[in-house]
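# Structure assessment
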Amino acid sequence: QVQLVESGGGLVQAGESLRLSCVASGLTFSTYGMGWFRQAPAKEREFVAAITRNGATTYYADSVKGRFTISRDNAKNTVYLQLNSLKPEDTAVYYCAADFNPWLKVTNTYDSRRYDYWGQGTQVTVSS
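So, about unusual backbone geometry. Of note, asparagine 77 is a non-glycine position whose phi angle comes to about 55°, a positive value. Along the polypeptide, asparagine 77 turns up in the loop between strand 7 (68-73) and strand 8 (78-83).

The subject of this paragraph is the state of the cysteines. One pass over the full model with this rule turns up one disulfide. Here cysteine 22 is linked by a disulfide to cysteine 96, with a sulfur-sulfur distance of 1.9 Å. Taking the sign of the S-S torsion, 45° for the link of cysteine 22 and cysteine 96, the bridge is right-handed. On the criterion of sequence distance, the pair formed by cysteine 22 in strand 3 (residues 18-25) and cysteine 96 in strand 9 (residues 92-99) is long-range, its members being 74 residues apart.

Here we come to the environment of aspartate 73. The topology assignment puts aspartate 73 in strand 7. On the basis of relative accessibility, which here comes to 24%, the residue aspartate 73 falls in the partly exposed class. With 19 residues separating them along the chain, aspartate 73 and asparagine 54 place their C-alpha atoms 9.1 Å apart. Those residues in contact with aspartate 73 that lie beyond four places of it in its chain are Phe29, Thr78 and Tyr80. Engagement of the side chain of aspartate 73 in a polar contact is seen with the backbone nitrogen of alanine 75, the distance being 3.0 Å.

Another point: the pairing of strand 9. Here strand 9 lies mainly inside the structure; seven of its eight residues are buried. Where strand 4 (residues 33-39) meets strand 9, seven bridges bridge the pair, whose relative direction is antiparallel. Residue pairing across strands places methionine 34 opposite alanine 98, the latter belonging to strand 9. Sheet topology places strand 9 next to strand 11 (residues 122-127); three bridges connect them, and they run antiparallel. Across the sheet, the residue bridging to tyrosine 94 is threonine 122, located in strand 11. The sheet contact formed by strand 9 and strand 10 (residues 117-118) spans two bridges and is antiparallel. Looking across to strand 10, one finds that alanine 97 is bridged to tryptophan 118.

About the criteria used
Per chain, the residues get numbers from 1 upward, laid out in the order the sequence is written. The predicted nature of this model means local features are confined to residues of pLDDT at least 70 and side-chain atom pairs, given and counted, to a pLDDT of 80 or more, with totals for whole chains, interfaces and linings taken over all residues. The side-chain numbers reported here are obtained from all heavy atoms of the structure, hydrogens and water having been left aside. The way it works is that DSSP assigns letters per residue, a run of H or I at least four long becomes a helix, a run of E at least two long becomes a strand, and they are numbered from the N terminus. Note on terminology: disulfide denotes any pair of cysteine sulfur atoms within 2.5 Å. The buried label goes to any residue with under 20% of its type's maximum accessible area, the exposed label to any with over 50%, and the partly exposed label to all in between, with areas taken from a 1.4 Å probe on protein chains only. Residue contacts are defined here by distance: any two heavy atoms, one from each residue, within 4.5 Å place the two residues in contact. Polar contacts here mean pairs of N or O atoms no more than 3.5 Å apart (in protein, one a potential hydrogen donor and the other a potential acceptor; neighbouring residues in sequence count only if both atoms are side-chain atoms). Here, a strand pair is defined by DSSP locating no fewer than two bridges between the strands.

Put into structure tokens, the structure is as follows:
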């Protein structure tokens, strides 16, 4: 049984930082591209960041580029999302997801429908 379990969310003030973790089990982690998505109240789920199977390439939404960093440790079956310079508009539930399919083009990383497995999410709340 595949499980993705996120942690690290919380309530912070604008300008502060958080580090989210997502631990995977039940799958061969190194064969999956990993992504982070988020969903704010009354909004659709949106792409945040993604990382290739070996961690060599990363992708970011324009809204988080330069502030967030995605990384992974295949030995620990874990993907991370470092959130710096947080803004109130970053408030959302953050989800990690695993995609077994190869990313043949950059837009593949944005498409939530491609991802095979999802975590339950972790809440990030940023106060102004």
